[in-house]
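Residue-level listing of the chains:
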Amino acid sequence: MKNAIVKGFLTTLSLLTINTFAQQSGTVEYTEKVKLDIHIEGDASILPPGIPNEYTTMKTLHFTPDESIYSGSGEEEEQENSMEESDVFVHFSEPEEITYINFKEGKYIDQREFMSRMFLIESPLDSVAWKLTGNRKEILGYSCMEATCMIDSTLTTAWFAPSINVAAGPAKFNGLPGLILELITNEGKRIITAASVKFEDVMDKIIKPKKGKKMSRTEFNKIIDEKGAKMSEDGGPDHIVIKIM
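Just so it is clear, the model here is predicted, and its values are computed rather than measured. (Residues numbered from 1 in each chain as written. Predicted model: local features only at pLDDT ≥ 70, side-chain atom pairs only at ≥ 80, totals over all residues. Heavy atoms only, no water.)

### Considerations on the overall build of the protein
Along the protein, the regular secondary structure elements total two helices and 15 strands. Considering only residue pairs separated by 6 or more positions, the protein has 58% of its internal contacts joining residues 24 or more positions apart. Summed over its atoms, the accessible surface of the protein is roughly 14800 Å², and 52% of this surface lies on carbon and sulfur atoms. (Helix = DSSP H or I, 4+ residues; strand = E, 2+ residues; numbered from the N terminus. Contact = heavy atoms within 4.5 Å. Areas by Shrake-Rupley, 256 points an atom, 1.4 Å probe, with all protein chains shown as cover.)

See the structure below:
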């Protein structure tokens, strides 16, 4: 009889453990909206009509208490507008980018495409000095708290759900006592908002990125700066520069 009671207790405990883990792992679909900083070079004095001032993409986060992976949908956005004198064709194609975080090991890996080349950048997971503001709002039915921090002299605002007890969030943003459901950076020029949250087993979906040339964050940033400077020099007299912040 005692053995039966013990077995029943262990079975119940096992089911509770599985259920608790299930509530801490899952998938979030985010809508990421980016405002474009548009500059006209050369003789152009006004911005031609038909140029969009923002674009939107979908991103996916798979998370567990120990790991997370954030990536794009791979979809491209196109926009075409007609003007009296000429046609404007705007084509948005996001480069492939995957961010993997291992919370236990305290590191993250970026797999990023730049100038048709793939790079693999591994960095330590920095500790973010989040500050709670006391503000609250509801996102997707979850009561969320507001937290802010300064990263590279830029204010970042996060809304997280304490009831989803994981430290994950979009991209490399993490470290709060709850899942980040909305993120606002660069004075609102980039807003990432959760469109759906689904609790499920995602262990087979969290795969550490391995594609690309390995290098440090410093080395990669140097390549970005050098290529960015060259692209600015190559612009023609009526070249329209669209800078994504």
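### Quick look at the side chain of Asn 102
Secondary-structure assignment places Asn 102 in strand S6 (residues 97-102). Within the structure, Asn 102 has its side chain in polar contact with the backbone nitrogen of Lys 104 (distance 3.1 Å). Aside from chain neighbours lying at most four places away, what touches Asn 102 is Asp 66, Glu 67 and Lys 107. (Polar contact = N/O pair within 3.5 Å; in protein donor to acceptor, adjacent residues only side chain to side chain.)

### So, the packing of aromatic side chains
One pass over the full model with this rule turns up three aromatic pairs. A ring pair is formed by Phe 114 and Phe 220, whose centres lie 6.5 Å apart and whose planes are at 75°; its orientation type is edge-to-face. Placement of Phe 114 in strand S7 (residues 107-114) and of Phe 220 in helix H2 (residues 217-233) is noted, with a sequence separation of 106 residues between them. Three or more aromatic residues joined by ring pairs form one cluster here, namely Phe 114, Phe 119 and Phe 220. (Phe/Tyr/Trp six-rings, centres within 6.5 Å; stacked < 30°, edge-to-face > 60°.)

### Description of the pairing of strand S2 (residues 54-63)
Buried residues dominate S2, accounting for seven of its 10 residues. Where S2 and strand S3 (residues 67-72) come together, five bridges link them in antiparallel fashion. Each bridged residue has a counterpart across the sheet, and for Lys 59 the counterpart in S3 is Gly 72. Counting the residues in the hairpin turn of S2 and S3 gives three residues. (Buried < 20%, exposed > 50% of the residue type's maximum accessible area, 1.4 Å probe, protein only. Pairing = 2+ DSSP bridges.)

### Focus: the nonpolar core
With 31 residues, the main nonpolar core has Tyr 30, Leu 61, Phe 63 and Leu 179 as its most contacted residues. Listing elements by their share of this core, those giving two or more residues are strand S1 (26-40), S2, strand S10 (142-151), strand S11 (154-161), strand S12 (179-185) and strand S13 (190-199). Within the second largest apolar cluster, seven residues are counted, among which are Ile 69, Ile 98, Tyr 100 and Leu 120. (Core = buried A, V, L, I, M, F, W, Y, C linked by side-chain atoms within 4.5 Å.)

### Details of the environment of Glu 29
For Glu 29, the location among the structural elements is in strand S1. Overall, the relative accessible area of 28% leaves Glu 29 in the partly exposed class. When the C-alpha positions of Glu 29 and Ala 195 are compared, they lie 5.5 Å apart, and in sequence the two are 166 residues distant. In contact with Glu 29, not counting residues within four places along its chain, are Met 58, Lys 59, Thr 60, Thr 193, Ala 194, Ala 195 and Ser 196. At 2.9 Å, the side chain of Glu 29 and the side chain of Thr 60 are in polar contact.

### A look at the confidence of the model for the protein
Overall, the predicted model of the protein reaches an average pLDDT of 78, with 67% of residues at or above 70. Residue range residues 75-86 is modelled with pLDDT below 50. Its contacts to residues more than four positions away, or to other chains, number 24 contacts. Overall, residues 234-240 carries pLDDT values under 50, and its contacts beyond four positions in sequence, including any with other chains, amount to 12 contacts. (pLDDT = per-residue confidence, 0-100.)

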